[in-house]
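# Secondary and tertiary structure notes
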Amino acid sequence: MASRKLSELAKTIRSKNAGVDRITFDVIFRDRANYELVKGSGVLSRASVAELYRIDPARITDFVAYDPAFAIKFTILRGRPSGSAGDSDIFGAQQYAPLLSVEVPVD
Amino acid sequence: MMSSNAGPTLRFLCPNGHLGFAPIKVPSFELGVATRPDFILADSGSDDIGPVPLGTDTSTSPKEWQRHDLEHMLLAARKLGVPMLIGSAGDTGTNSRVDMYVQMIRDIAAQHRLKPFKLGYFYSEVPKGYLQAKMSSGEAVEGLDGRGDLTPQELEATARIVAVAGVHPYLELLNRGADVIIGGRSSDAVIFAAPAIRAGYPESLAYYLGKVLECASFNAEPYAGKESVIGEIGFDDVKVTAMHPDQRCTIASVAGHAMYERSNPFYEYVAGGMLDMTDCRYEQYDERTTRVTGPRFVRADKVRVKLEGSGKVGERYMGFAGVRDPYTIARIDEVIGWAKQQVRERFGEPESAGYELHYQVYGRDGVMGEMEPLRDSPGHELGIMVFGVAPTAEMAEEVTLTGTRQMFYARLPDVKGTAGGVAFPLDEVTRVSPAYRWTLNHTVAVADPLELFELHTAEVGLAAAGSGGR
């Protein structure tokens, strides 16, 4: 089956702090078609994201599809609060990269 | 350019989503000012910057950049004769940061010989005794985001606490006639919501207005920071317009912004209630304007105010080393393990000796740590940052120096290079900011929404020199 990378289908893929204890991820599409394609494909789910990031699924606090913005959004608990000694991403801004190459099946 | 439906509207100009963090872009701000907005507003704080500024009571933004933005905003607001509101002064919103901004306002007014105006300001710091008393009386200080209730030990470990204000202190200072408000720590959205609520607009639209404007041009596309946007509130909608000629507020950019920096795109919590964006509707109003309808606001039965607290962990030093030998790269955890062991032999176990030693291995998983999917395929060279934290600077220096230099001596069985296992760009370690941690991400119930905030007003400007008071 043919597939395309998420980075080719989404307009925005980003991560950022949501408060001091969480990082939130936004995957935003320009149009409904690509949004529905990815949403319906199931490649982004609590389970797949937990596997991709090698974390316990219990650390995923939110996972929603947000139709008004053609967006899929999930939030994870940080390993340690932002800016603690040993934290390497105070803003949580560079945690999205593994999402770029997620393969999405297309017909 | 700005058209609107029948009925009066109010227009809010926001030039910066975090005043001082990077300077505003003046041309789009001036375009916004030329449309004669009713308010000029910006938030100046964030908990994004980590716990160190709050703990050490410093700003992360340079004073010159803060003054630059305040000067442009104050001169425009006084020229138009409209209120100017700033929240979370100086990144953290502590008392010293409010005082610093108040002094900047006084200095700018004096320098430009501005006509007298009324300055309102409020403090947000919370004395530990206040929370001790609450806890003693059986009132829990509840944890957010999975944290437990605050314990006396965690309170004791905290250096400084700020309460995150809702609309209440802003409403009260506006009622007292303030032309310019410098706020302590505040929710971003309430700076915008307060004047709209005071003018009689629905709370739902007022808070949504604040939510959509608080990061300025981050709600527009293409991506560009520090450009001005204008929000216009009516009795049944909010419209948001980009001021930069090349930026547009689109359905995608505005709806996308609703979920920025939030766990969830539907709900935004402030002291006194919750903004529900589940049923928001977005439409393209004109080329650069998006119109939003349908937010709801659910008032809380009891007002709970969010608290942010930071506690000191220790003094901190930093070291750095590079690695190029592929054999060493493949065994970098053994190299780090050797160095850690040398520190352990000198000081004992980290927990009992009260130190921390952290390694960030750039080129393998320096950015993402254990979440890095590619940590098993490191690059051809590695950069290793070493951080040592300890109760005294002397100990932190020795922990870090040992933890860095001993990588040079790591004993790998078959290494060809026997003259040193890592490359040092500097054969020394560097003192950096002390390590702090977020000790409070909690809420406390209040009987009076103003009880955590100390309000002041003062006359500023020509002929008002020296006057002031509560």
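Please refer to the structure higher up on the page.
Residues numbered from 1 in each chain as written. Chains lettered and ligands numbered in written order. Predicted model: local features only at pLDDT ≥ 70, side-chain atom pairs only at ≥ 80, totals over all residues. Heavy atoms only, no water.

Within chain A, the secondary structure is distributed over four helices and six strands. Secondary structure elements of chain A occur, N-terminal to C-terminal, as β-α-β-β-α-α-β-β-α-β. If you line up chain A on its principal axes, its C-alpha atoms span 45 × 25 × 20 Å. Counting only residues that meet the buried cut, chain A has 50% of its 107 residues in that class. Look at the contacts in chain A between residues 6 or more apart in sequence, and 61% of them connect residues 24 or more apart. Counting every atom, chain A has about 4400 Å² of accessible surface; 51% of that belongs to carbon and sulfur. Positive and negative charge centroids in chain A, built from 15 and 13 side chains respectively, lie 4 Å apart. (Helix = DSSP H or I, 4+ residues; strand = E, 2+ residues; numbered from the N terminus. Buried < 20%, exposed > 50% of the residue type's maximum accessible area, 1.4 Å probe, protein only. Contact = heavy atoms within 4.5 Å. Areas by Shrake-Rupley, 256 points an atom, 1.4 Å probe, with all protein chains shown as cover. Lys, Arg positive; Asp, Glu negative; His and termini not counted. Charge placed at Lys NZ, Arg CZ, Asp CG, Glu CD.)

What follows concerns the overall build of chain B. Helix and strand counts for chain B stand at 14 helices and 19 strands. At 26 Å, chain B has a C-alpha radius of gyration in line with the 23 Å of a compact globule built from 470 residues. Among the 470 residues that make up chain B, the fraction classed as buried is 57%. When contacts within chain B are restricted to residue pairs at least 6 apart in sequence, those whose partners lie at least 24 apart make up 77%. (Rg over C-alpha atoms; globule rule 2.2 N^0.38 Å.)

On to helix H3 (residues 63-80) of chain B. Residue and element names in this part refer to chain B. The terminal C-alpha atoms of H3 lie 26 Å apart, and with 18 residues this matches the ideal 26 Å at 1.5 Å per residue to within 8%. Those residues of H3 that sit buried are Gln66, Arg67, Asp69, Leu70, Glu71, Met73, Leu74, Ala76, Ala77 and Leu80. Residues of H3 that are buried make contact with helix H1 (26-34), strand S2 (39-45), strand S3 (84-91), helix H4 (95-111), strand S4 (117-123) and strand S7 (180-182). Directly after H3, the chain includes Gly81, whose backbone phi takes a positive value near 70 degrees. (Expected span 1.5 Å × (residues − 1).)

Leftover empty space is mapped by rolling, across the atoms, a probe with the size of a water molecule. Residues and elements named next belong to chain B. The full count for this structure, using the stated rule, is one cavity of 30 Å³ or more. When its volume is computed, the largest cavity comes out at roughly 40 Å³. Ser46, Asp47, Ile49, Gly50, Leu54, Asp91, Thr92, Val162, Arg185, Glu308 and Trp438 together form the lining of the largest cavity. (1 Å grid on protein atoms, 1.4 Å probe; cavity = no way out; pocket = protein on both sides within 12 Å on 5 of 7 lines; lining within 4 Å. Points joined across faces, edges and corners; volume = space filled by probe spheres on them.)

Between chain A and chain B, the contact holds 44 residues from the first and 46 residues from the second. Interface area for chain A against chain B, summed over the two sides, is near 3500 Å², with a carbon-plus-sulfur share of 56%. Here chain A is connected to chain B by five salt bridges. A salt bridge links B:Asp145 to A:Arg22, with the shortest nitrogen-to-oxygen separation between them at 3.5 Å. The tally of links from chain A across to chain B stands at 22 residue pairs in polar contact (both at pLDDT 80 or more). Among the secondary structure elements, those contributing two or more residues to the side of chain A that touches chain B are strand S2 (12-17), strand S3 (22-28), strand S4 (60-66) and strand S5 (71-77) of chain A. (Buried area = accessible area lost by both parts, 1.4 Å probe. Salt bridge = Lys/Arg side-chain N within 4 Å of Asp/Glu carboxyl O. Polar contact = N/O pair within 3.5 Å; in protein donor to acceptor, adjacent residues only side chain to side chain.)

A few words on the sheet that holds strand S13 (residues 289-293) of chain B. Residues and elements named next belong to chain B. With mixed pairing, ten strands are arranged side by side in an open sheet as S12-S13-S9-S8-S1-S2-S3-S7-S4-S19. Each end of this open sheet is capped by a strand with a single partner; those strands are strand S12 (281-286) and strand S19 (454-460). Neighbour-to-neighbour, the strand axes of this sheet turn through a mean angle of 25 degrees, independent of strand direction. Summarising the sheet, S12 and S13 pair through five bridges and their orientation is antiparallel. Along S13, the bridge assignment pairs Glu283 with Arg291. Each of strand S1 (10-14), strand S8 (229-233), strand S9 (238-242), S12 and S13 touches helix H9 (residues 203-213); the most contacted strand, S8, lies at about 175 degrees to it. (Pairing = 2+ DSSP bridges. Axes fitted to C-alpha atoms, helices over the stretch in contact; angles between N-to-C directions.)

Residues and elements named next belong to chain A. Sheet architecture is open: four strands sit in the order S2-S3-S5-S4, paired in antiparallel fashion. The open sheet has two free edges, formed respectively by S2 and S4, since each of these has just one partner strand. Averaged over all pairs of adjacent strands, the angle between their axes in this sheet comes to 10 degrees, without regard to strand direction. Pairing of S3 with S5, which is carried by seven bridges, proceeds in the antiparallel orientation. Residue pairing across strands places Ile23 opposite Ile76, the latter belonging to S5.

Before going further, it helps to examine the pattern of salt bridges. Residue and element names in this part refer to chain A. For the structure shown, the criterion picks out 39 salt bridges over all chains. Ionic pairing is found between Asp26 and Arg14, a salt bridge with its closest N-O pair at 2.8 Å. Of the two residues, Asp26 sits in strand S3 while Arg14 sits in strand S2, which places them twelve residues apart along the sequence. Classification of Asp26 by relative accessible area gives buried; the value is 2%.

The next thing to look at is the layout of surface pockets. Computed from the structure, the second largest pocket encloses a volume of approximately 970 Å³. In terms of lining, the second largest pocket is formed by 37 residues, of which the most central are A:Arg80, A:Gly86, B:Tyr359, B:Gly369 and B:Glu370. Of all elements in the fold, only S5 of chain A together with helix H12 (332-347) and strand S16 (356-362) of chain B reach the threshold of two or more residues within the lining of the second largest pocket. Counting residues per element, the lining of the second largest pocket draws most heavily on S16(B), at six residues.

A word on the packing of aromatic side chains. All names here are of chain B. One pass over the full model with this rule turns up 19 aromatic pairs over all chains. On the basis of an interplanar angle of 80 degrees and a centroid distance of 6.0 Å, the ring pair of Tyr121 and Tyr123 is categorised as edge-to-face. On the accessibility criterion, Tyr121 (11% relative accessible area) is buried. Residue class for Tyr123 comes out buried when judged on its relative accessible area of 13%. Taking the ring centre of Phe347 as reference, the NZ or CZ of Arg346 above it sits at 4.5 Å. (Phe/Tyr/Trp six-rings, centres within 6.5 Å; stacked < 30°, edge-to-face > 60°. Lys NZ or Arg CZ within 6 Å of the ring centre and 35° of its normal.)

Moving on, we get to the packing of H1(B) against H3(B). Residue and element names in this part refer to chain B. Where H1 contacts H3, the two axes come as close as 11 Å, and the packing angle between them is 15 degrees. Compared by their axis directions, H1 and H3 come out roughly parallel. When the axes of H1 and H3 are compared, the crossing they make is right-handed. Together, Val26, Phe29, Glu30 and Val33 of H1 and His68, His72, Met73, Ala76 and Leu80 of H3 make up the contact between the two elements. The residue inventory of the contact of H1 with H3, partitioned by class, reads six nonpolar, two polar and one charged. (Parallel < 35°, antiparallel > 145°, perpendicular 65-115°, else oblique. Left-handed = near helix turned anticlockwise from the far one by under 90°. Nonpolar A, V, L, I, M, F, W, Y, C, P; charged D, E, K, R; others polar.)

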